[in-house]
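# Inside the fold
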Amino acid sequence: MTVRKATVEDADKISRLEASAFPKEEAASLAAFQDRLRVYPDHFLVVEHDGEILCCVNGLVTDEKDLTDEMYASADLHDKNGKWQMIFGVATHPDHRRQGLASDMVRRFVGQAEKEGRLGVVLTCKEYLVHFYERLGFVNEGVSGSAHGGVTWYQMRLTFTRQKN
Ligand SMILES: CC(C)(COP(=O)(O)OP(=O)(O)OC[C@H]1O[C@@H](n2cnc3c(N)ncnc32)[C@H](O)[C@@H]1OP(=O)(O)O)[C@@H](O)C(=O)NCCC(=O)NCCS
């Protein structure tokens with residue numbers, strides 16, 4: 001298995017993975033992935049095996065503290081010098097779940113954001129995954145303003161603490 005950043009050539013495979021992981025109303029389209037990959041390929045991490053993408057984490061960077069629905073749709077809201085790394089989607093192929101892939105990828109994505117000097121990482125998730133992200137160090141901030149896919153989302157934040165000299 002290889003872990004790497006993505007390129008625009010991966011858009012097709014990533015959108016197929018997305019469709020296998022999310023209901024239609026929540027899944028990002030091929031066009032959305034093409035846009036995102038043109039603007040912020042460095043903020044995509046994928047696990048690849050035998051030419052297939054098994055797991056993917058992605059999201060833009062912004063000075064906005066909270067994750068909004070507009071961010072999903074507008075890749076041009078990405079600000080490479082922004083303070084917060086957002087996570088839009090974590091998806092693992094159904095045949096490869098519960099082997100630690102998503103946990104490992106989220107940890108790596110968080111590690112990259114910390115190295116880049118961000119303040120932290122923000123995501124939204126459904127209630128049944130709150131404990132999963134808490135295990136990875138995220139704090140539940142309650143119901144988010146997002147109406148993405150017509151369901152209730154919880155906003156979760158991991159804030160980096162830096163030693164002061
Ligand atoms: C959620 C998801 C990304 C987890 O991927 P994964 O590679 O299987 O994750 P890991 O193996 O690292 O961790 C598995 C943990 O996730 C949590 N989890 C996964 N599916 C769950 C479910 N249906 N109900 C409750 N917890 C679940 C559990 O804590 C589980 O730990 P356990 O196996 O010890 O019980 C994957 O199930 C997926 O793609 N789901 C559909 C898309 C989705 O909902 N993404 C999250 C949006 S924020």
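Here's what I pulled together on the structure shown here. (Residues numbered from 1 in each chain as written. Predicted model: local features only at pLDDT ≥ 70, side-chain atom pairs only at ≥ 80, totals over all residues. Heavy atoms only, no water.)

## Focus: the pattern of salt bridges
A complete count under the given rule lists 10 salt bridges for this structure. Here arginine 108 makes a salt bridge to aspartate 104, at a shortest N to O gap of 3.0 Å. Taken together, the positions of arginine 108 and aspartate 104, both in helix H4 (residues 101-115) and 4 residues apart, correspond to about one turn of that helix. Judged by its relative accessible area of 29%, aspartate 104 is partly exposed. In this structure, glutamate 141 and arginine 157 form a salt bridge, with 2.8 Å as the shortest nitrogen-oxygen distance. In this pair, glutamate 141 sits in strand S8 (residues 139-143) while arginine 157 sits in strand S9 (residues 154-159), placing the two residues 16 residues apart along the sequence. Overall, the relative accessible area of 5% leaves arginine 157 in the buried class. Taken together, the shared-partner salt bridges in this structure form one network comprising Arg4, Asp10 and Glu48. (Salt bridge = Lys/Arg side-chain N within 4 Å of Asp/Glu carboxyl O. Helix = DSSP H or I, 4+ residues; strand = E, 2+ residues; numbered from the N terminus. Buried < 20%, exposed > 50% of the residue type's maximum accessible area, 1.4 Å probe, protein only.)

## Quick look at the nonpolar core
Grouped together as the largest cluster of nonpolar side chains are 26 residues, with contacts concentrated most on Ile87, Val106, Tyr133 and Phe138. Every element with two or more residues in this core is listed here: strand S2 (44-49), strand S3 (52-58), H4, strand S7 (120-125), helix H5 (130-135) and S9. In terms of residue count, the dominant contributor to this core is H4 (7 residues). Excluding anything up to four places from it in sequence, phenylalanine 138 contacts Ile87, Val106, Val110, Val121, Leu123, Tyr133, Met156, Arg157 and Leu158. (Core = buried A, V, L, I, M, F, W, Y, C linked by side-chain atoms within 4.5 Å. Contact = heavy atoms within 4.5 Å.)

## As for unusual backbone geometry
The phi angle at aspartate 50 is positive, at roughly 50°, despite the residue not being glycine. By the element assignment, aspartate 50 lies in the loop between S2 and S3. Although it is not a glycine, arginine 98 adopts a positive phi angle of roughly 60°. Checked against the element boundaries, arginine 98 lands in the loop between strand S6 (89-92) and H4.

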